[in-house]
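# Remarks on the overall topology
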Amino acid sequence: MSFGETPITIVGNLTADPEVQFTTTGSALAKFTVASTPRTFDKDSGQWKDGTSTFFRCAAWRSLAEHVAESLTKGSRVVLSGRIRQHNWQTPEGENRSMLAVEVDDIGASLRFTTVTVNAKRSAQSTQATGDDPWNTAGKPAEKTADIPF
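Okay, so let's go over this structure. (Residues numbered from 1 in each chain as written. Predicted model: local features only at pLDDT ≥ 70, side-chain atom pairs only at ≥ 80, totals over all residues. Heavy atoms only, no water.)

## Looking at the pattern of salt bridges
- In this structure the tally under the stated criterion is 9 salt bridges.
- For the salt bridge of Glu103 with Arg83, the shortest nitrogen-to-oxygen distance reads 3.6 Å. One end of the pair, Glu103, is in strand β8 (residues 96-109); the other, Arg83, is in strand β7 (residues 77-90), with 20 residues separating them in the sequence. Arg83 carries the same exposure label as Glu103, and that label is buried.
- A relative accessible area of 15% means that Glu103 is categorised as buried.
- A cluster of three or more residues bridged by salt bridges with shared partners is formed by Glu5, Arg83, Arg85, Glu103 and Asp105. (Salt bridge = Lys/Arg side-chain N within 4 Å of Asp/Glu carboxyl O. Helix = DSSP H or I, 4+ residues; strand = E, 2+ residues; numbered from the N terminus. Buried < 20%, exposed > 50% of the residue type's maximum accessible area, 1.4 Å probe, protein only.)

The structure is reproduced here in structure tokens:
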């Protein structure tokens, strides 16, 4: 994470299946929305009450995008961490628009109300043997995210 970025952690449910697209360079992009709804226990009524939901538009890139698309569906409860990004664009009518979105760094299924089975895609040993270091960005073109409206 770069200096000055705004980190965020969200717990919520996917509102629809992730949408997967591929850039012209072949990088996967998964777009999805997570709804986070606070719940409080009302002692007077003895029941749980839902608060106002907040909806977060999210984007995951490359192998994370593919894993999201293969693993998560509408209603999946997730815990994610990422960075808030502002996207600015102009409509065909010339109106300036902007929105906040979350660029996802990591995401996983919440185990609070369910169980999951984890299938490892690759081991650390095979990563070292192939030189496929996910942190090595040398030689990889930077993705341009500002022009991708959600």
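## Section: the environment of Gln90
- Looking at where Gln90 falls in the secondary structure, it is placed in strand β7.
- When near neighbours in sequence (up to four residues on either side) are disregarded, Gln90 contacts Glu95 and Asn96.
- A distance of 3.3 Å separates a polar atom in the side chain of Gln90 from the backbone oxygen of Gly94.
- Within the structure, Gln90 has its side chain in polar contact with the side chain of Asn96 (distance 3.2 Å). (Contact = heavy atoms within 4.5 Å. Polar contact = N/O pair within 3.5 Å; in protein donor to acceptor, adjacent residues only side chain to side chain.)

## Some points on the pairing of strand β5 (residues 47-50)
- Examined bridge by bridge, strand β4 (residues 39-42) and β5 share 4 bridges and lie antiparallel to one another. Paired with Phe41 across the two strands is Trp48, which belongs to β5.
- The hairpin turn running from β4 into β5, its antiparallel successor, is 4 residues long, and Gly46 in that turn takes a positive phi close to 70°. (Pairing = 2+ DSSP bridges.)

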